[in-house]
Every structure is written in C-alpha cells, then in structure tokens.
Amino acid sequence: MTDITAAHPQDLTGRAALVTGASRGIGFAIAAQLLARGASVTITARKPDELAAAAERLAAAADADRVLALPGNAGSADAREEAVTRTVERFGNLAILVNNTGINPTYGALMDADLDAVRKTFDTNVVAALGFVQLAHKAWMGEHGGAVVNIASVAGIRSSGVIPAYGASKAALIRLTEELAWQLGPSIRVNAVAPAIVKTTFATALYAEGEEKVSAAYPMKRLGTPEDVAGLVAFLVSDAASWITGETVRVDGGILATGSLGSA
Ligand SMILES: NC(=O)c1ccc[n+]([C@@H]2O[C@H](COP(=O)([O-])OP(=O)(O)OC[C@H]3O[C@@H](n4cnc5c(N)ncnc54)[C@H](OP(=O)(O)O)[C@@H]3O)[C@@H](O)[C@H]2O)c1
C-alpha cells in the first residue's frame, strides 16, 4: 500500500554524490540539482580555478559544508582514487556516482581519424567511467549499495556521421551500463541518460550553423539545457527510480522519434 507519510522519494538528504566534469555545463547543473535535493556533492574538473569558482556558486546556493571540489583529470587513476577516497572521508558515504566527463576530440571521416585521439576518447568516456565505478564499489557501494548514472548521448544510439568515434564510445558506455547493472544488482543500480544537443561549451560546434535552424528538426523546437538533463539524473539516482536499472533514458527533445539525428 502507498505510504502517504513517507519522505519525498526524490529526497537525497544524507547521501553523498560524486559528479565528474562538473565545473560547468551538464555536470554543474547535475551537482546543483543533487544539492537542492539534500545531497552532499563532490565535483571534479581539470582546471582548478574554474572548478573552485563553480564550487563557490554551488556553496552559495546550498551550504558550503555539502560541497567539495577536487581538481583532476578523469583519465588519471590517481585522480579517480583521490576523488572517491576524499568523498567518503569528507561525507561518510558515496551513495551516488555520476560519470559525466566526456570528450570529443575527433570529427568526421573515420578513415582519417587519429587513432590516438580515438583511444583517448574511449579511455575518458568509457574506461574512466568503469574505473570510477570500480573504486566507488570498493570504497562504499559494494557494502552499502548506491546508484550510478553514466552520461551517454543520442550519438551512442544512432549514427550521426559527424561525431562517429565519440558516438561509438557512447554506445560502449551504454552497453557498459547494462553489463554493470546486471553484475551489481540488486544493491547498486546503474543507468545512463542519452541527451541530444544541449547548449553547453562542449556542443557549440554542433549548432554553429544556427540554433534556430538546428532546433527546427526537434519536435520540442528547442535545444536542450543542462537543467533538462539534471532533473532526469536526480530522479534516476533517487529511490523514486528504485526498480530502474540497466536503462538508458533519452532526453532529446524528441529528435530520435523523428528517425534522424538532425545535424548531430
Ligand atoms: N552538450 C551536449 O550537447 C551533450 C550531448 C550529449 C551528451 N553530452 C555529454 O554530457 C557530458 C557533459 O558535457 P557538457 O556538454 O556539459 O560539456 P562542457 O560544458 O564542456 O563541460 C565539461 C565538463 O567536464 C570537465 N572535463 C572535461 N574533460 C575532463 C577530464 N578529462 N577530466 C575531468 N573533467 C573534465 C570540464 O572542465 P575542465 O575543462 O576544466 O576539465 C567541464 O567541467 C559529456 O559526457 C558529454 O559527452 C553532451
């Protein structure tokens, strides 16, 4: 029977989250959303000054005790270890992991793709995400449970022609999400989200031909905002999603429903 006196199922009070790549864009919006729902949050990014400024903005909106900023490259095993260890030390748990860091250094024809750049793309977008899950499992989730969300992309679901190596890496991340969900259930849930074009620094090249022109192909007639993605991630890590695992949820303004990926 429904318990009408229970706390809101999306309340995250007492849980600590690690959000990678969160000094701006989607990661920052996710961190803000998790904080607003009561979680404590560690954010990472490579550039220390931008990360510190982001942490200040988050602390001003929530409270400074619930925000920790740890500069580091997601591709570095040492940086991953530090982020996980210090999150547990500072907040006493690591119930939520959001693998948000993603890079896209190569565009266009795969026959011309620089293999070092492709390797780096897979290393950052897929291998580093697995590395974070391994560490979170060891440090906290293996014993106590938790929720992981990997930030994939519609480019991991349908070919774009424009960003194929990146798309292949996000497809691998989607498969990894399913494999992890199977191996880590029932105490750890692992899901992914697949955004279409969201207006961030990362995506500016994808709508360089004009935002109005690109968004015309979307049923929702606009591009995404970081907050569009953040609300979904906050739901997926919460108890409201307690029977959802191994899923990749599209948050794409309907673009995949059109059968095309527009210009991305
Ligand atoms: N925007 C879109 O249209 C879109 C669509 C689908 C999926 N996505 C995915 O969403 C995620 C976030 O993208 P975004 O659009 O929010 O990008 P963004 O605005 O460029 O932000 C990226 C964030 O990640 C950090 N970062 C980048 N490389 C890193 C690394 N190697 N290690 C640690 N931190 C790193 C950046 O800070 P530093 O530069 O200081 O490291 C920044 O905080 C990515 O996984 C991307 O693939 C984006």
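Preceding block: the structure.
Since we're looking at a predicted model, the values are computed, not measured.

Procedures and definitions
- Residues numbered from 1 in each chain as written.
- Predicted model: local features only at pLDDT ≥ 70, side-chain atom pairs only at ≥ 80, totals over all residues.
- Heavy atoms only, no water.
- 1 Å grid on protein atoms, 1.4 Å probe; cavity = no way out; pocket = protein on both sides within 12 Å on 5 of 7 lines; lining within 4 Å.
- Points joined across faces, edges and corners; volume = space filled by probe spheres on them.
- Helix = DSSP H or I, 4+ residues; strand = E, 2+ residues; numbered from the N terminus.
- Buried < 20%, exposed > 50% of the residue type's maximum accessible area, 1.4 Å probe, protein only.
- Contact = heavy atoms within 4.5 Å.
- Core = buried A, V, L, I, M, F, W, Y, C linked by side-chain atoms within 4.5 Å.
- Pairing = 2+ DSSP bridges.
- Axes fitted to C-alpha atoms, helices over the stretch in contact; angles between N-to-C directions.

K.L.:
How should I be thinking about empty space enclosed by the protein in this particular structure?
P.N.:
Remark: the empty space left among the atoms is shown by a probe the size of a water molecule rolled over them. Summed over all chains, the structure comprises two cavities of 30 Å³ or more. Taken as a whole, the largest cavity encloses approximately 60 Å³ of empty space. Contributing to the lining of the largest cavity are Thr20, Ala74, Asn99, Asn100, Thr101, Thr124, Asn125, Ala128, Ala129, Phe132 and Leu173. Element by element, the count of residues in the lining of the largest cavity is highest for helix 4 (residues 115-144), at five residues.

K.L.:
Looking at this model, I keep getting lost on the environment of Ser40. Mind explaining?
P.N.:
Along the chain, Ser40 turns up in strand 2 (residues 40-45). Ser40 sits in the buried class, given a relative accessible area of 13%. Sequence separation between Ser40 and Asn100 is 60 residues; the distance between their C-alpha atoms is 17 Å. In this structure Ser40 touches Arg15, Ala16, Ala17, Arg66 and Phe91, once residues within four positions along its chain are discounted.

K.L.:
Which parts of the structure should I look at to understand the nonpolar core?
P.N.:
Generally speaking, soluble globular proteins have nonpolar side chains that are buried together. Among the nonpolar cores identified, the biggest contains 38 residues, and Ile30, Leu34, Val41, Ile43, Val193 and Val233 are the most heavily contacted of them. Of all the secondary structure elements, the ones that give two or more residues to this core are strand 1 (16-19), helix 1 (25-36), strand 2, helix 2 (48-61), strand 4 (96-99), strand 5 (146-151) and helix 7 (226-237). The residues contacting Leu34, other than those within four sequence positions of it, are Leu12, Ala17, Val19, Ala39, Val41, Ile96, Val98, Ala234 and Val237. If you look at the next biggest cluster of nonpolar residues, it comprises 31 residues, including Val126, Trp140, Ile174 and Ile188.

K.L.:
Sorry if this is basic, but what is going on with the sheet that holds strand 4 here?
P.N.:
Two strands in a sheet stick together by hydrogen bonds in their backbones, pointing the same way (parallel) or opposite ways (antiparallel). With respect to topology, seven strands assemble into an open sheet ordered 3-2-1-4-5-6-7, the strand pairing being parallel. Edge positions in the sheet fall to strand 3 (67-71) and strand 7 (248-251), since each of these pairs with one other strand and no more. With direction set aside, neighbouring strand axes in the sheet form an average angle of 15 degrees. Relative to strand 3, strand 2 is paired through five bridges, and the arrangement is parallel. Within strand 3, the position partnered with Ala45 by the bridge is Pro71.

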